[in-house]
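Each chain is listed here by its residues.
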Amino acid sequence: MNSSVHAAQQLHTIGSPWLWAATIAGVLVLLALDFVVTRKPHEVSMREAIGWTVFYLALPVGFFGIIWAGYGSTPATEFITGYLLEKSLSVDNLFVFMLLLAAFAVPAALAQRVLLFGIVGALVLRGLFIAVGAAALASLDWAFLLFGAILLVTAIKLIRDALSGHEQDVDISRMRSVRLMRKLMPVTDDYRGTRMTVREAGRRALTPLALVVTAVMATDLVFAIDSVPAVYGVTGDPYLVFATNAFALLGLRALYFVLQAVLARLVHLAYGLAVILGFIGVKLVLHWAHSYWDWLPEIPTAASLLVIVVVLGAVTVTSLLATRGDADTDSPATDSAAR
């Protein structure tokens, strides 16, 4: 079969215009709710964080049931597999967010507002990448090969960084986004609540909150480059790709505070993500090659789901066992793990 025809067939979508509209409207409502919740700065209690986390975990479970009932097992399995993949990548995002919050000395009361802006930025960027990815897969014979190569290169980088044992740190003075913002406008020495700009000495100035939000959104761009090709390796349906990203990102604000104490203990997460991304990369390459040589096998979605669950479970257990002696001595804000 011709590769371009094969690619076009893979881009079938269950997302009718009304379903797209309803999903986007639902995402906007949930984001608005989060902005209302974080309008008044406050430290997040564990009870509050767990409550919101349970709510945001229940949403994709319910959506999975709706997809299964309305469209069958295949898109439902693709959705839950893509969701688990995106959620695992999002935990890695949280670790970098943790380092940024510590580097910028963000007050605890403002942490969730920073995370929320990061989530909004990630949703916007991934939406753009999803649209570009769909267009590429529909028109370029070698798009699956390119996406697979991106994931394989990312997997190799993760392994190399993890094996090097080099501790990850954030040097604010070297961040291009921060240097650019400082050139454009002066920056106050202290935070001013949730305000990003203030007027001082007759001129407008940025607050440190604006700098950390800019830094978080800059990292969102890097993560989107890995994330979108990865989920396209699970499903060719742009609607499901968007849905998996939206559900995985929406609950990050609350999940951060639930996992904050153990994020630094997930020392083997990089290895697990490398295995998963490498597996999805091979899946994409085989998918591309199968369109030319149909005797080559393709990896089914069910196998992808099994690999993701097993690998994530294994690295979580090994990480917690490896750091069990450090649980009471390490600080999650200063300790680091290889990405």
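About the thresholds
- Residues numbered from 1 in each chain as written.
- Predicted model: local features only at pLDDT ≥ 70, side-chain atom pairs only at ≥ 80, totals over all residues.
- Heavy atoms only, no water.
- Helix = DSSP H or I, 4+ residues; strand = E, 2+ residues; numbered from the N terminus.
- Contact = heavy atoms within 4.5 Å.
- Areas by Shrake-Rupley, 256 points an atom, 1.4 Å probe, with all protein chains shown as cover.
- Phe/Tyr/Trp six-rings, centres within 6.5 Å; stacked < 30°, edge-to-face > 60°.
- Buried < 20%, exposed > 50% of the residue type's maximum accessible area, 1.4 Å probe, protein only.
- Patch = residues over 30% accessible without salt bridge, like charges linked within 9 Å, V, L, I, M, F, W, Y side chains within 5 Å.
- Salt bridge = Lys/Arg side-chain N within 4 Å of Asp/Glu carboxyl O.
- Lys, Arg positive; Asp, Glu negative; His and termini not counted.
- Charge placed at Lys NZ, Arg CZ, Asp CG, Glu CD.
- 1 Å grid on protein atoms, 1.4 Å probe; cavity = no way out; pocket = protein on both sides within 12 Å on 5 of 7 lines; lining within 4 Å.
- Points joined across faces, edges and corners; volume = space filled by probe spheres on them.
- Nonpolar A, V, L, I, M, F, W, Y, C, P; charged D, E, K, R; others polar.
- Axes fitted to C-alpha atoms, helices over the stretch in contact; angles between N-to-C directions.
- Parallel < 35°, antiparallel > 145°, perpendicular 65-115°, else oblique.
- Left-handed = near helix turned anticlockwise from the far one by under 90°.
- Core = buried A, V, L, I, M, F, W, Y, C linked by side-chain atoms within 4.5 Å.
- pLDDT = per-residue confidence, 0-100.

Comments concerning the overall build of the protein chain
Then comes step 1: In terms of regular secondary structure, the protein chain is built from 12 helices and 2 strands.
Then comes step 2: Counted from the first residue to the last, the protein chain has its helices and strands arranged as α-α-α-α-α-α-α-β-β-α-α-α-α-α.
Then comes step 3: Contacts in the protein chain between residues at least 24 apart in sequence constitute 80% of all its contacts with a sequence separation of at least 6.
Then comes step 4: Accessible area of the protein chain: about 15600 Å², with a carbon and sulfur share of 67%.

A word on the packing of aromatic side chains
Then comes step 1: Enumeration according to the criterion identifies 17 aromatic pairs in this entry.
Then comes step 2: With a centroid separation of 5.1 Å and 70 degrees between ring planes, the pair formed by phenylalanine 55 and tyrosine 56 is classed as edge-to-face.
Then comes step 3: For phenylalanine 55, a relative accessible area of 33% corresponds to the partly exposed category.
Then comes step 4: Given a relative accessible area of 3%, tyrosine 56 falls into the buried group.
Then comes step 5: Here the aromatic residues Trp20, Phe63, Phe79, Tyr83, Tyr239, Phe242 and Phe247 are joined through ring pairs into a cluster of three or more.

A word on unusual backbone geometry
Then comes step 1: Within the chain, alanine 105 stands out as a residue other than glycine whose phi angle is a positive 50 degrees.
Then comes step 2: Tracing the backbone through its elements, the reader meets alanine 105 in the loop between helix 4 (73-103) and helix 5 (111-139).
Then comes step 3: Residue class for alanine 105 comes out exposed when judged on its relative accessible area of 54%.

Details of a positive patch on the surface
Then comes step 1: On the surface, Arg174, Arg176, Arg179 and Lys183 cluster together to form a positively charged patch.
Then comes step 2: Along the chain, arginine 179 falls in helix 7 (residues 176-184).
Then comes step 3: Of the residues examined, arginine 179 reaches a relative accessible area of 38% and is grouped as partly exposed.

Topic: the layout of surface pockets
Then comes step 1: Put simply, the second largest pocket is a space of about 390 Å³.
Then comes step 2: As for the second largest pocket, its lining consists of 16 residues, of which Lys87, Ser88, Val91, Leu312 and Thr316 are closest to the centre.
Then comes step 3: Counting residues per element, the ones that place at least two in the lining of the second largest pocket are helix 4, helix 10 (252-263) and helix 12 (301-322).
Then comes step 4: No other element matches helix 12, which puts 6 residues into the lining of the second largest pocket.
Then comes step 5: Partitioning the lining of the second largest pocket into residue classes produces 12 nonpolar, 3 polar and 1 charged.

Re the packing of helix 6 (residues 143-164) against helix 11 (residues 269-290)
Then comes step 1: Viewed as axis vectors pointing N to C, helix 6 and helix 11 meet at an angle of 160 degrees, and their least axial separation amounts to 8 Å. What the angle tells us is that helix 6 and helix 11 run roughly antiparallel. Between helix 6 and helix 11 the crossing geometry is left-handed.
Then comes step 2: In terms of residue class, the contact of helix 6 with helix 11 is made up of 20 nonpolar, 5 polar and no charged.

Observations concerning a nonpolar patch on the surface
Then comes step 1: Together, Leu140, Trp142, Leu145 and Leu146 give the surface a local cluster of nonpolar side chains, amounting to about 330 Å² of exposed area.
Then comes step 2: Mapped onto the fold, leucine 146 is located in helix 6.
Then comes step 3: Under the relative-accessibility criterion, leucine 146 is labelled partly exposed at 38%.

Topic: the pattern of salt bridges
Then comes step 1: What the rule picks out here adds up to 4 salt bridges.
Then comes step 2: Linking arginine 253 and aspartate 34 is a salt bridge whose minimum nitrogen-to-oxygen distance equals 3.0 Å. Of this pair, arginine 253 sits in helix 10 while aspartate 34 sits in helix 2 (residues 17-37), and the two are 219 residues apart along the sequence. There is no split in this pair, since arginine 253 and aspartate 34 are both buried.

Description of the packing of helix 3 (residues 46-71) against helix 9 (residues 238-250)
Then comes step 1: The geometry of helix 3 relative to helix 9 is characterised by a closest axis approach of 8 Å and an angle of 160 degrees between their N-to-C directions. Relative to helix 9, helix 3 is oriented roughly antiparallel. With respect to the hand of their crossing, helix 3 and helix 9 are arranged in left-handed fashion. Seen from helix 3, the contacting residues are Tyr56, Leu59, Pro60 and Phe63; seen from helix 9, they are Tyr239, Ala243, Phe247 and Leu250.
Then comes step 2: Looking at side-chain class alone, the contact of helix 3 with helix 9 contains 8 nonpolar, no polar and no charged residues.

Some points on the nonpolar core
Then comes step 1: One finds Leu85, Phe104, Val106, Leu123, Val212, Tyr232 and Tyr256 to be the most contacted residues of the largest nonpolar core, which totals 83 residues.
Then comes step 2: If we skip the residues at most four places from it in the chain, leucine 123 touches Val27, Leu31, Asn245, Ala246, Leu249 and Leu250.
Then comes step 3: Judged by nonpolar contacts, the second largest core, of 13 residues, contains Ile14, Leu19, Ala76 and Tyr83.

Observations regarding the confidence of the model for the protein chain
Low-pLDDT portions of the prediction should not be read for the details of their coordinates.
Then comes step 1: Summing up the model confidence of the protein chain, the mean pLDDT is 82 and the portion of residues at 70 or higher is 89%.
Then comes step 2: Mean pLDDT values for the elements of the protein chain range from 43 in helix 1 (residues 3-10) up to 92 in helix 9.
Then comes step 3: Throughout residues 1-10 the model reports pLDDT below 50, and contacts reaching past four residues in sequence, or to other chains, amount to 17 contacts.
Then comes step 4: Low pLDDT, under 50, characterises residues 330-339; the stretch is placed with 29 contacts to residues that sit more than four places away or in other chains.

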